[in-house]
Amino acid sequence: MGKVLGIIGGGQLGMMLTEAAKKMPEEISKVIVLDPTENCPAAKVGAHQIVADFKDENAIIDLANQSDILTYEIESGNSVVLKSIEDRVEINPSPETLQIIQDKLIQKKFLAKNNIPVVDFFEIKSLSDLENKIPNFGFPVLLKVRRDAYDGRGNIKINSGSEVKFAYDSFNGKSLFLEKFIDFKMEVSVIAARNTKGEITSYPVVENIHEENILRTTIAPARVSENVVNKAKEIAEKTMQVLKGAGVFGIEMFVTKDDKVLINEIAPRVHNSGHHTLQSSKTSQFEQHLKAILGLELGSTELVHKTIMYNILGPKGFEGKYKPIQIASENVFLKMYGKEISKPKRKLGHFNVIGTNDQENIVSLLDKVKRVSDSIILEPI
Ligand code: ATP
Ligand code: MG
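Residues numbered from 1 in each chain as written. Chains lettered and ligands numbered in written order. Predicted model: local features only at pLDDT ≥ 70, side-chain atom pairs only at ≥ 80, totals over all residues. Heavy atoms only, no water.

Chemist: I keep staring at the coordination of the magnesium ion (ligand 2) and nothing clicks. Help me out?
Modeler: Six octahedrally arranged donors around a metal ideally form angles of 90 or 180 degrees; four tetrahedrally arranged donors ideally form angles of 109.5 degrees. The coordination sphere of the magnesium ion (ligand 2) contains the protein donors E252 (OE) and E265 (OE), at a distance range of 1.9 to 2.2 Å. Residue E252 is located in strand β14 (residues 247-255), and its partner E265 is located in strand β15 (residues 261-267); the two are separated by 13 residues in the primary sequence. Comparing E252 with E265, the two get one shared label, buried. (Donors = N, O, S within 2.8 Å, 3.2 Å for Na, K, Ca; no water. Helix = DSSP H or I, 4+ residues; strand = E, 2+ residues; numbered from the N terminus. Buried < 20%, exposed > 50% of the residue type's maximum accessible area, 1.4 Å probe, protein only.)

Structure, rendered in structure tokens:
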């Protein structure tokens, strides 16, 4: 008999986990997601749904009671409640790991303590504390919230002394930390997995291009030297060794102009920069996550095709229903997330462009991505 998998969060990541679970019916017989949006993306592909807030204690307990194993697709779940039910249901990654990661300051302290390179930072306790700490880095600096940030919404870049008070006040008393601004050469990430037996694997290093703080393009593999590849892989695997619990993790890093590799942040879950694996790799990150938490042998992470992933975001200045999007182009794989309403910058779907022969280089694939993305016009209904 397969197990019942509970997932906190039923957005696109929960949706693609559900789809991967459906391909392993012997191991997983049913998926239940907890998500506040009725008929969320995961529910649309067959997951049962508990409609409630991610932090709702009763709903989490209800989900745990109905599940054999519990995981999550968002890091803002209630780790305190999860910790309290750990002896009743197997939770992976562990609530302890979630607690470390969901507070970015604790996360950075943890990594630094384990000699893993991170961007320099300071805890900030007040406006005067902020004013005193800025000279350690000089302008610009980044002021960040410790918890519940996504798509850059918890970050403010401070460019000069006149912006300090406004930046501080705009966070309305939330817990903050200050980070050195990195004039990076490239952003990269590694999707790594650890199974319940402690086996660790990582996918090839990929290159991430953000637009207005949101990931837009992932290039697999990253256009970096072997030296950088080795550093990034080493950092990712060391991180996996020190973090408890099983699952897939997305490890975001900066490559500096002098080829240092620093961790920006870790996501204790499948990650947007791993969506290319749906077509590029023998094992998708979603399948890998399930293998990891089920204690199965991890799948191959080999990159079979050079692949570029492009996020389809809701256009600016429009909120509402839209006509179905279609792409008819060879070696382009579209994945829409079933979100009925478009909102500015909302992640509505992505497509992967794969290179099928060695002659096809990243530049020609990027040209193709541009042509395809230019052809996608979101039409309101
Ligand atoms: P996401 O949900 O997209 O991962 P987030 O809200 O958790 O993002 P971060 O990852 O901290 O935020 O930052 C978003 C982006 O802002 C980064 O990918 C990077 O492009 C830029 N950024 C963040 N920190 C720094 C820094 N210290 N120096 C330079 N750029 C930075
Ligand atoms: Mg990030």
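Read on for the rest.
Chemist: Would you mind going over the site of ligand 1 with me for this structure?
Modeler: The local shell around ligand 1 holds 22 residues, among which D151, G152, E179, E187 and E265 are the closest. A distance of 2.9 Å is found between a nitrogen atom of ligand 1 and a backbone nitrogen or oxygen belonging to I182. Within the side chain of E187, an N or O atom sits 2.5 Å from an oxygen atom of ligand 1. Look at ligand 1: alone it shows 610 Å² of surface, and the protein chains cover 92% of it. Breaking the shell around ligand 1 down by element, the ones donating at least two residues are β7 (141-145), β9 (176-180), β14 and β15. (Near = heavy atom within 4 Å. Polar contact = N/O pair within 3.5 Å; in protein donor to acceptor, adjacent residues only side chain to side chain. Areas by Shrake-Rupley, 256 points an atom, 1.4 Å probe, with all protein chains shown as cover.)

Chemist: Help me out: how do you make sense of the sheet that holds β7 in this one?
Modeler: What holds strands together in a sheet is hydrogen bonding between their backbones, with the strands either parallel or antiparallel. Read across the sheet, four strands follow the order β6-β9-β7-β8 without closing on themselves; strand pairing throughout is antiparallel. The open sheet is flanked by β6 (121-124) and β8 (155-158), the only strands paired with a single partner. On average, adjacent strands in this sheet sit at an angle of 25 degrees to one another, irrespective of strand direction. Looking at chain direction, β7 and β9 are connected through five bridges and run antiparallel. Its bridge partner lying in β9, L142 is registered against E179. (Pairing = 2+ DSSP bridges. Axes fitted to C-alpha atoms, helices over the stretch in contact; angles between N-to-C directions.)

Chemist: Looking at this structure, how should I read unusual backbone geometry?
Modeler: With the exception of glycine, the majority of residues adopt a negative phi angle, and the majority of peptide bonds are in the trans configuration. The linkage connecting F139 with the following residue, P140, adopts the cis geometry, with an omega of -10 degrees. Among the secondary structure elements, P140 is positioned in the loop between α7 (127-133) and β7. With an omega of 5 degrees, the peptide bond between A220 and P221 qualifies as cis. Here P221 lies in the loop between β13 (214-220) and α9 (226-242). Of note, N39 is a non-glycine position whose phi angle comes to about 55 degrees, a positive value.

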